[in-house]
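# Geometric and topological summary
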Amino acid sequence: MDISEIIIAGDTPGVEWRLPVFRFKGTKPEAPRTYIQAALHANELPGTALLHFLLERLRQAESEGGILGDITVVPQANPIGAAQLHFGELQGRFDLGTRTNFNRDFPLIALGERPSLVENIDRHSAVDRLKRHLLSMALGAELVLDLHCDDEGLQYAYVDETFWPEASDLAAALDMQAVFLSDGESSAFEEAVAHAWKHESAGERRTSLPGRLSVTVELRGTRDVYPEMARKDAEGLYRFLAGRGVVAAENHPLPAFGVVAPLNNIEIIRAPEAGAILFHRDVGESVKAGELLATIIARPGMADGALEVRAPQDGLIVTRVSTRFARRRADLMKIACGEPSRAVRKPGTLEA
């Protein structure tokens, strides 16, 4: 295993960021190359915990000659966000300087333009340099996994329709309970990778990418950072790598996975007014149309002060917010449904 650092100079004097990168050299040139990163949203740490235990497993495999394909692992992909504390709270989702989501605005380029990502890189801001280094490393692989988590949620993933159903092996290996099929229309990291593959050269658009995968994995909620849970997820990810021929291991039957829903079938439940949130249903529960999901106490003590929020259709509650106060129209839950939502959805991922 080789450990190196990418040094990113800050935008003010005397500041720099260090990005540790772990690399394993495979013994079979024909085996898939893999890139895995975690904590691009720096306050989402289940993936960092998973990769700590996966790296331990990979070191063992390396000592036994079991690394078949090249593997690159970045356990903490956003040192800039990890340093952003505001009044004691880690602000790892948005760059405080530009108010931009760290998982948006990745360059949308053709694969043949990959060298341009790091050419004259010093003319870009620190955040853009970080994004360009991450994307450049990922485009050297065939399998790309970006590990995130939700507020409170099940194990699920955003998978571009181009990679489905081939990606069902990842869903099964990580014991996911839901898969959201995305349309690849945003500038998020995993979609920027897929964009480059689809446009391997200028003017080209491929609709089939066999053997490739770029995916966002949502590892439950922000507080689901426990040793046994991380070890279990690491073993699941190792089983996925074994099934794809990246590492040597016995192949075991994979469990079935849960709900598969296009993004148009995701009901985003929003608060009708600001107030305290009383949830009546939890993640992982199936609900019927009209069932009570939450009560918003908008005007405490008033006879008409409590507002009911009900399910628009049958579905599975995949996520809910961890806060218990909502602003007007704030997200409360995501429900995966069998039918399209009647709410208008912008192209791309579900939230900024």
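Residues numbered from 1 in each chain as written. Predicted model: local features only at pLDDT ≥ 70, side-chain atom pairs only at ≥ 80, totals over all residues. Heavy atoms only, no water.

## Section: the domain arrangement of the chain
Each assigned domain of the chain is listed with its residue range as follows: domain 1 (2-257) and domain 2 (264-337). Look at where the C-alpha atoms of domain 1 and domain 2 centre, and you get two points 31 Å apart. In this complex, domain 1 contributes 10 residues to the contact, which on the side of domain 2 involves 13 residues. Buried area between domain 1 and domain 2, summed over both chains or domains, comes out near 910 Å², and the portion from carbon and sulfur atoms is 62%. On the domain 1 side of the contact with domain 2, E152, L154 and F180 bury the most area, a combined 60% of that side's loss. Inspection of the region where domain 1 meets domain 2 yields three salt bridges. (Domains from an automatic or database assignment. Contact = heavy atoms within 4.5 Å. Buried area = accessible area lost by both parts, 1.4 Å probe. Salt bridge = Lys/Arg side-chain N within 4 Å of Asp/Glu carboxyl O.)

## Regarding the sheet that holds strand β7 (residues 143-150)
Spatial ordering of the open sheet is given by β1-β2-β4-β3-β7-β11-β9-β10-β12, a layout of nine strands whose pairing is mixed. Of all the strands in the sheet, the pair left with one neighbour each is β1 (2-9) and β12 (259-262). Averaged over neighbouring strand pairs, the angle between their axes works out to 20° when direction is ignored. One ladder, built from five bridges, connects strand β9 (residues 155-160) with strand β11 (residues 213-221); its direction is antiparallel. Its bridge partner being in β11, Y158 is matched across the sheet by T216. (Pairing = 2+ DSSP bridges. Helix = DSSP H or I, 4+ residues; strand = E, 2+ residues; numbered from the N terminus. Axes fitted to C-alpha atoms, helices over the stretch in contact; angles between N-to-C directions.)

## Regarding the sheet that holds strand β16 (residues 292-297)
Spatial strand order, β17-β16-β14-β19: four strands in an open sheet with antiparallel pairing. Strands with a single pairing partner mark the edges of an open sheet, and in this sheet they are β17 (306-310) and β19 (325-326). Note that strand β14 (residues 275-279) and β19 share two bridges and pair antiparallel. Each residue of the ladder has a partner; that of A276, found in β19, is F325.

## Quick word on helix α3 (residues 126-138)
Helix length check: α3 (13 residues) gives 19 Å between terminal C-alpha atoms against 18 Å at 1.5 Å per residue, within 8%. Of all 13 residues in α3, 12 are buried; the element is thus mostly enclosed. Listing the buried residues of α3 in full gives A126, V127, R129, L130, K131, R132, H133, L134, L135, S136, M137 and A138. (Expected span 1.5 Å × (residues − 1). Buried < 20%, exposed > 50% of the residue type's maximum accessible area, 1.4 Å probe, protein only.)

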